[in-house]
Amino acid sequence: MALLSPGVQERFDIRAQNLKDPTMCMKLYYCGSLERPERLAEILKNGFSEEDFSHGEFGRGLYFSQYASKAAQFSCLGKLLLTEVALGRTETVIKHDRARNFPPRGYDSVITPGRLATAGGDKVANSLCQEYLIFDANQAIPLNLIEYSTL
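Residues numbered from 1 in each chain as written. Predicted model: local features only at pLDDT ≥ 70, side-chain atom pairs only at ≥ 80, totals over all residues. Heavy atoms only, no water.

(A) Local environment of the environment of P142. Structurally, the position occupied by P142 is in strand β8 (residues 140–147). Taking the relative accessible area as the measure of exposure, P142 reaches 2% and is therefore buried. In this view, P142 contacts A2, L4, I43, L44, G47, F48, L81, L82 and T83; residues no more than four positions away in its chain are not counted. (Helix = DSSP H or I, 4+ residues; strand = E, 2+ residues; numbered from the N terminus. Buried < 20%, exposed > 50% of the residue type's maximum accessible area, 1.4 Å probe, protein only. Contact = heavy atoms within 4.5 Å.)

The structure is reproduced here in structure tokens:
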């Protein structure tokens with residue numbers, strides 16, 4: 001369980017209430033600790049910051065997935081971070097744009113077919129790779145660090 005510093009939950013709640021659709025919140029896995037695993041302890045205490053943003057194919061921000069297996073591809077081995085993400089109004093984007101720093105006008109986040117998606121038009125496999133991308137660190141809050149071992 002994350003032991004958050006004072007103010008982290010409040011910043012999340014305020015940001016969520018100011019989204020185009022404040023009711024659109026989901027529990028998702030963070031896809032990003034692979035690049036900076038030392039940040040996990042800080043995230044669990046103080047929440048996310050721009051320091052945690054990834055520079056992915058769909059833009060610069062925080063990437064999340066509803067699938068633990070997808071998040072594990074971008075997380076340090078043996079550790080997954082479960083989060084609450086305030087998605088707000090979400091736009092589907094399929095075009096890669098590494099320069100994207102904001103959601104499209106009128107939206108709060110984007111959903112992508114995912115990085116490393118299966119090629120060949122297999123719609124079932126592609127849907128399993130979907131990722132959500134947010135551009136404001138206050139739209140996500142850590143809930144639990146899940147530690148596991150591989151055999």
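(B) Just the pairing of strand β7 (residues 131–134), in detail. Residues E131 and L133 line one face of β7 and the alternating positions Y132 and I134 line the opposite face, and both faces are buried. Summarising the sheet, strand β3 (residues 59–65) and β7 pair through three bridges and their orientation is antiparallel. Considered in β7, the bridge of Y63 is made with L133. Sheet analysis places strand β6 (residues 109–112) next to β7, joined by four bridges and oriented antiparallel. (Pairing = 2+ DSSP bridges.)

(C) Just the nonpolar core, in detail. Counting residues in each nonpolar core, the largest one holds 19 residues, and the members touching the most others are Y30, F48, L62, F64, L81, V85 and I134. Of all the secondary-structure elements, those providing two or more residues to this core are β1 (25–30), α2 (40–46), β3, β4 (79–86) and β7. With three residues, α2 is the single largest residue contributor to this core. One finds C31, Y63, A71 and F135 within the second-largest nonpolar core, a separate group that totals 12 residues. (Core = buried A, V, L, I, M, F, W, Y, C linked by side-chain atoms within 4.5 Å.)

(D) The arrangement of a nonpolar patch on the surface in detail. Together, L77, I146 and Y148 line one region of the surface with nonpolar side chains, adding up to about 280 Å² of accessible area. Position of Y148 among the secondary structure elements: in the segment after β8. (Patch = residues over 30% accessible without salt bridge, like charges linked within 9 Å, V, L, I, M, F, W, Y side chains within 5 Å. Areas by Shrake-Rupley, 256 points an atom, 1.4 Å probe, with all protein chains shown as cover. Salt bridge = Lys/Arg side-chain N within 4 Å of Asp/Glu carboxyl O.)

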